[in-house]
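# A closer look at the structure
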Amino acid sequence: MVEELLTAAIATGVGVAVYLGAAARVVKQYERGLVFRFGRLREEVRGPGFTTIVPFVERLRKVNMQIVTLPVPAQEGITRDNVTVRVDAVVYFKVVDPASAIVAVEDYRFAVSQMAQTSLRSIIGKSDLDDLLSNREMLNQGLELMIDSPAVGWGVQIDRVEIKDVSLPETMKRSMARQAEADRERRARVINADAELQASHKLAEAAEVMSEQPAALQLRLLHTIVAVAAEKNSTLVLPFPVELLRFLERSAPPPAAAPARDRPAPAGPASEGPGPAEVADADALDTKVLDATLSPAELADALDAAPDAAGVADALDGPADGLMLDAPPPEHERDGLRE
């Protein structure tokens, strides 16, 4: 009798242990439990901790409530300005309604992934290349709204969407690099032109000051020479200022007139030199003209005796009562002088 009771107690204990093992469940802190009794969802959501279900009657489904990081595969598309790009993104979401996440959609992770890919292609087609590269915050917000609208019915909340990378073709990269280089060169030229304009104003002011004080130009020249002389391997070219040359020109005495008697006597014909009589007549004319004692009649006789016009001009080059002759007067003027 005692053995039978002991056997029954052991069997009962084993049955209870098996039942508890089959009915006991542990729900973690970041999870929630949904109980299905004969396939029907119970309204009560099991919280974290130890809980039990009816074996073979109920089934417990655990739902993760953590934020899920879901990478969106890279999507190729054509932007609004007809540029082919390849864009990938990442979606951060979490389950806020476990019942809807399990009942309303078959696999909420797969659903969110597909919706994110579709929305990313749509964003690419509606945006320009400049927006994808520089205005990502607005695109992220638009992409988040596009994914979050259908996900609300799935018990899923989209926490954040980020566009990770935008891949461009190599030709487009080279074109953008040339464009950026041209823009930088344009800005550099504008800056240089502005600097030249400011420098011209300062140089004009400096020139005005130097015009009032000529010594300032000489000091500036000396400073320039000192600056150039610091380089021992350079060649120094020292220009003379125009003011110095003008000063030397004004300080130089005027050239004295050469005496007429020092000039050579005019030569006769090429075949034969002047005769003794002609040389004597020329010397006599020269002496008379220089002494300024010729009367009109004597002047006419001297003109008749002169060998040529050059001899008369040379003889009369000196001061002879202010009379300068370029050529001997005509014959009728000579007759008038005699009279």
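Residues numbered from 1 in each chain as written. Predicted model: local features only at pLDDT ≥ 70, side-chain atom pairs only at ≥ 80, totals over all residues. Heavy atoms only, no water.

### Some words on the sheet that holds strand β2 (residues 31-37)
Where we set the bar: Pairing between strands is defined by DSSP: at least two bridges between the two strands are required. Per the convention used, a helix needs a DSSP run of H or I reaching at least four residues, while a strand needs a run of E reaching at least two, with both numbered from the N terminus. With axes taken as lines fitted to C-alpha atoms, and helix axes fitted only over the stretch in contact, angles between N-to-C directions fall between 0 and 180 degrees.
Strand order in the open sheet formed by three strands is β3-β2-β5, and the pairing between neighbours is antiparallel. Two strands bound the open sheet, and with one partner strand each, they are β3 (40-46) and β5 (58-64). Going from strand to strand, the sheet's axes swing by 30 degrees on average, the running direction of each strand aside.

### Focus: the packing of helix α3 (residues 108-126) against helix α5 (residues 136-151)
Heads up, the condition is: Roughly parallel refers to an angle under 35 degrees, roughly antiparallel to one over 145, roughly perpendicular to one between 65 and 115, and oblique to any angle outside these ranges. When the near helix sits turned anticlockwise from the far one by under a right angle, the crossing is termed left-handed; a clockwise turn instead gives a right-handed crossing. By the convention used here, residues are in contact when the closest approach between their heavy atoms is within 4.5 Å. Asp, Glu, Lys and Arg are counted as charged, while Ala, Val, Leu, Ile, Met, Phe, Trp, Tyr, Cys and Pro are counted as nonpolar; the rest, among them Gly, fall into the polar class.
Put simply, α3 and α5 touch, their axes get as near as 9 Å, and they point 140 degrees apart. With respect to α5, the axis of α3 lies oblique. Once α3 is placed against α5, the crossing between them reads as right-handed. Residues M115, A116, S119, L120, S122 and I123 of α3 touch α5, and the partners they reach there are L139, G142, L143, M146, I147 and P150. Residues that form the contact of α3 with α5 fall into these classes: nine nonpolar, three polar and no charged.

### Focus on the pattern of salt bridges
To keep things clear, this is the line we draw: By definition, a salt bridge exists where a carboxyl oxygen of Asp or Glu is found within 4 Å of a side-chain nitrogen of Lys or Arg. Exposure categories follow from relative accessible area, calculated using a 1.4 Å probe and restricted to protein chains: below 20% of the type maximum is buried, above 50% is exposed, and the middle band is partly exposed.
Taken as a whole and judged by the stated rule, the model has nine salt bridges. For the salt bridge of E162 with R160, the shortest nitrogen-to-oxygen distance reads 2.6 Å. Measuring nitrogen to oxygen at the nearest pair gives 3.5 Å for the salt bridge that ties R187 to D183. Linking R187 with D183, this pair stays in helix α6 (residues 170-212), spanning four residues, or about one helical turn. Accessibility expressed as a relative area gives 30% for D183, which makes it partly exposed. A cluster of three or more residues bridged by salt bridges with shared partners is formed by R37, R42 and E58.

### A look at the environment of R86
Using the following cut-off: Pairs of N or O atoms within 3.5 Å make up the polar contacts considered here, provided that, within protein, one atom can donate a hydrogen while the other can accept it, and that residues adjacent in sequence are counted only when both atoms are side-chain atoms.
Looking at the secondary structure, you find R86 in strand β7 (residues 84-95). Distance in space between the C-alpha atoms of R86 and D165 is 8.1 Å, their sequence separation being 79 residues. Beyond its immediate sequence surroundings of up to four residues, R86 is in contact with A74, Q75, E76, D165, V166 and S167. At 2.8 Å, the side chain of R86 and the side chain of E76 are in polar contact.

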